[in-house]
Amino acid sequence: MSTFVLVIDLVGTFVFAVNGALTATRAVHLDIVGVLVLGVITAVGGGITRDVLIGAVPPIAFTRWYYLAAAGLGALLAFFISLPPRRLTGAIIVLDAVGLSLFCVTGAQKAVEHGLDPAAAIIVGAIAAVGGGTIRDITIGKVPSILTSGLYAIPALLGAAIEVLSAPLRSYGIPVALVGAVVCFVVRMAGVCFKLEAPKAFDPNGQPGGQPRG
Amino acid sequence: MSTFVLVIDLVGTFVFAVNGALTATRAVHLDIVGVLVLGVITAVGGGITRDVLIGAVPPIAFTRWYYLAAAGLGALLAFFISLPPRRLTGAIIVLDAVGLSLFCVTGAQKAVEHGLDPAAAIIVGAIAAVGGGTIRDITIGKVPSILTSGLYAIPALLGAAIEVLSAPLRSYGIPVALVGAVVCFVVRMAGVCFKLEAPKAFDPNGQPGGQPRG
Amino acid sequence: MSTFVLVIDLVGTFVFAVNGALTATRAVHLDIVGVLVLGVITAVGGGITRDVLIGAVPPIAFTRWYYLAAAGLGALLAFFISLPPRRLTGAIIVLDAVGLSLFCVTGAQKAVEHGLDPAAAIIVGAIAAVGGGTIRDITIGKVPSILTSGLYAIPALLGAAIEVLSAPLRSYGIPVALVGAVVCFVVRMAGVCFKLEAPKAFDPNGQPGGQPRG
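All of these numbers come straight from a predicted model, not from anything done at the bench. (Residues numbered from 1 in each chain as written. Chains lettered and ligands numbered in written order. Predicted model: local features only at pLDDT ≥ 70, side-chain atom pairs only at ≥ 80, totals over all residues. Heavy atoms only, no water.)

A.B. asks: If you had to explain the environment of P85 of chain B to someone new, which residues and values would you point to?
C.D. replies: Relative to the helices and strands, P85 of chain B resides in helix α5 (residues 85–113). Expressed as a C-alpha distance, the spacing of P85 of chain B and R26 of chain B, which sit 59 residues apart in the sequence, is 8.3 Å. (Helix = DSSP H or I, 4+ residues; strand = E, 2+ residues; numbered from the N terminus.)

A.B. asks: Account for helix α6 (residues 118–139) of chain A, with residues named and values stated.
C.D. replies: All names here are of chain A. Across its 22 residues, α6 extends 31 Å between first and last C-alpha, which sits within 8% of the 32 Å expected from 1.5 Å per residue. Its maximal kink placed at V130, α6 deviates by approximately 40°. Burial runs high along α6: 17 of the 22 residues are buried. Phi turns positive, to about 80°, at G141, one or two residues after α6. (Expected span 1.5 Å × (residues − 1). Bend = angle between axes of the 7 residues up to and from the residue. Buried < 20%, exposed > 50% of the residue type's maximum accessible area, 1.4 Å probe, protein only.)

A.B. asks: Talk me through the packing of helix α1 (residues 3–28) of chain C against helix α2 (residues 32–54) of chain C; I want residue IDs and the actual numbers.
C.D. replies: Residue and element names in this part refer to chain C. Orientation of α1 relative to α2, taken along the N-to-C sense of each, is 140°, at an axis distance of 7 Å. Viewed along their axes, α1 and α2 adopt a mutual orientation that is oblique. By crossing handedness, the relation of α1 to α2 is classed as right-handed. Residues D9, T13, F16, A17, N19, G20, A21, A24 and T25 of α1 pack against V35, L38, G39, T42, A43, V44 and R50 of α2. Class assignment of the residues belonging to the contact of α1 with α2 gives a composition of eight nonpolar, six polar and two charged. (Axes fitted to C-alpha atoms, helices over the stretch in contact; angles between N-to-C directions. Parallel < 35°, antiparallel > 145°, perpendicular 65-115°, else oblique. Left-handed = near helix turned anticlockwise from the far one by under 90°. Contact = heavy atoms within 4.5 Å. Nonpolar A, V, L, I, M, F, W, Y, C, P; charged D, E, K, R; others polar.)

A.B. asks: So, the nonpolar core: which residues are in play, and what are the values?
C.D. replies: Ranked by internal contacts, the top residues of the largest apolar core, which has 197 residues, are F62 of chain A, F62 of chain B together with F62 of chain C. Apart from the residues within four sequence positions on either side, F62 of chain B is in contact with L53, A119, A120, I123, V124 and I127 of chain A together with I48 of chain B. (Core = buried A, V, L, I, M, F, W, Y, C linked by side-chain atoms within 4.5 Å.)

A.B. asks: Outline the relation of the copies chain A and chain B, supporting the account with residue identities and numerical values.
C.D. replies: Mapping between the two chain copies consists of a rotation about an axis together with a translation along that axis. It takes a turn of 120° to lay chain A on chain B, together with a shift of 0.0 Å along the axis; the resulting RMSD is 0.0 Å. The operation mapping one copy onto its partner corresponds to a three-fold rotation axis. Among all residues of chain A, the one whose C-alpha sits closest to the rotation axis is G141 of chain A, at a distance of 3.8 Å. By residue overlap, the copies meet through two different surfaces: only 6% of the interface positions of chain A are interface positions in chain B. (Least-squares fit on C-alpha atoms with pLDDT ≥ 70 in both.)

A.B. asks: Go over the packing of aromatic side chains with me, naming the residues and quoting the values.
C.D. replies: Residue and element names in this part refer to chain A. Applying the stated rule across the entire model yields twelve aromatic pairs over all chains. Where F16 meets F103, the ring centres are 5.3 Å apart and the plane angle is 45°; that geometry is what we call tilted. With F16 in helix α1 (residues 3–28) and F103 in helix α5 (residues 85–113), this pair connects stretches of sequence that are 87 residues apart. What makes F16 buried here is its relative accessible area of 0%. Relative to F80, the ring of F79 has its centre 5.1 Å away and its plane inclined at 85°; by these criteria the two rings are edge-to-face. Cluster of aromatic residues (ring-pair linked, three or more members): W65, Y66 and Y67. (Phe/Tyr/Trp six-rings, centres within 6.5 Å; stacked < 30°, edge-to-face > 60°.)

A.B. asks: Go over the interface of chain B and chain C with me, naming the residues and quoting the values.
C.D. replies: Between chain B and chain C, the residue contacts involve 30 residues of the former and 28 residues of the latter. Between chain B and chain C, a total of about 2,400 Å² is buried, with carbon and sulfur atoms accounting for 71% of that surface. Viewed at the interface, chain C and chain B are joined by zero salt bridges. Of all the secondary-structure elements, those providing two or more residues to the side of chain B that touches chain C are α2 (32–53), α6 (118–139), α7 (145–148) and α8 (153–165) of chain B. It is α6 of chain B that provides the largest number of residues to the side of chain B that touches chain C, a total of five residues. (Buried area = accessible area lost by both parts, 1.4 Å probe. Salt bridge = Lys/Arg side-chain N within 4 Å of Asp/Glu carboxyl O.)

A.B. asks: Run through the packing of α2 of chain B against α5 of chain B, naming residues and quoting values.
C.D. replies: All names here are of chain B. For the pair α2 and α5, the least separation of the axes is 10 Å and the interaxial angle reads 20°. The angle between the axes of α2 and α5 places the two elements in the roughly parallel class. The element α2 and its partner α5 pack so that their crossing is right-handed. Residue-level inspection shows A43, R50 and D51 of α2 in contact with α5, the latter providing F103, T106, G107 and K110. A class-by-class count of the residues in the contact of α2 with α5 yields two nonpolar, two polar and three charged.

None of the figures reported here should be taken as evidence of function without further support.
Here it is in structure tokens:
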């Protein structure tokens, strides 16, 4: 990976760790080891899934010490943060969106470097982005955001697609990666802020389907 | 993969996507994106697990566009289907059995082609078959069928074994694959229809164990 | 793997299968197939995860028949054991600690043999150790021990570290593997017996955090 991609991969790892650790203190109220573990799992889960899917094993999170250092640091920091509930919820959502935006770009980029086709690289990028949060939710017994939030998988696919498809136009570099990440972040946050909801299926159980679950 | 194996792999992908999407509308009442995502996960989850286990990465679901197309089409179709509750439950069970039957055969066949021993190929085939549904259930917080249903893993192992063990008798081809799939389907549906239950362990908590959990 | 490492890997597989099967009869009261499946998943889940992460696919659990035989035997044995609730809980905890101790050592050792750096090998060893129990818990819908128990991941990392770091001192062999496993077991059981709890974060929801969740 280029230095720039590495740097935003590490920033993504850090913010996902903060997010996972805050989720742990909020949702399941774990002790410090549990908070650290959930933070680290959230931070490196997406990248490990990406590396396994493209055959880059052992995953870079195990072979470069700074990944686990960034994850541990983020989780520790979050453990000592005290936020009132409302601001905590906001922080969890924003950090998740930042991690999503950074990982879809770095994941797609790494997949391209490993020789994947554009379409496959876009999917792998999106999986790297949504993977950490999905593993976090499943581990604590929550239905994951990719299912309940209409605009979670879509911005990740969008950011990864911008990163992959802009390749023929110019050599990969800072600007492209940033465009993909920014678009992903804006779309994700727009979905959160305006409570954008996709249409629901007719409910055969007769329950009114109008109440958003998100 | 031979053309015939590819075709039944795609049919399996399609029916599992319909199944996963119907499960989503029934169990968690998701919006259209959630229904699509759960349908696609159910459809390609088993095959991705199979490909990771045999080292065929990136998984074929990412490198051949028609897999995701078949999965997306199936999930979309299911989103617009309106069925009364009883028929919906029936459709979910039958489609799951069809997907199970097709994937145990194609999974075992692909494992053999990648040089696995017969025993390992049978296991991989069964995992490919039960994988999608298991990931689906875990994702929505349900105890998966492989644990609660006595005849779920067994027909998958049976279908995969027929596919693998019939190899020395004749060259792989249409008839063998169909025999394995049909046996798997018949055994699975027999278990569902006649509510076949395997014996339960003595319950140390003193609860009567006689009620089937389904 | 050396013969000795193979033997303790198989013993670990057997005790994890007993543990998983007992958990199944206690937590979800499954029928015999469900008990077998959960026992086998608990037994081979950590090793399969380890093999996928180091690129040793297909996993050894599929290619050497004695792994599934040891797992099936352990699960079957557990199915026919009748224990009163208190002793059952104790057996589940002790067997889990034994499996944890054996798998952190064999996992780290196998990772070293596959050329991983010491740090990566320690992590892979710990993942091999906690993997089976974590998959078991997630499958039955329980928050896994790595999150709720302060001393679960730590003894696994400790045992793996002793195994990996003692390599330069002497050639790998019986004594080193045993030291790592014994230290892991003692630390894990000390945590259980003395209810050692790591500090908890300030709870922004205002709930008193003093009650151990165990």
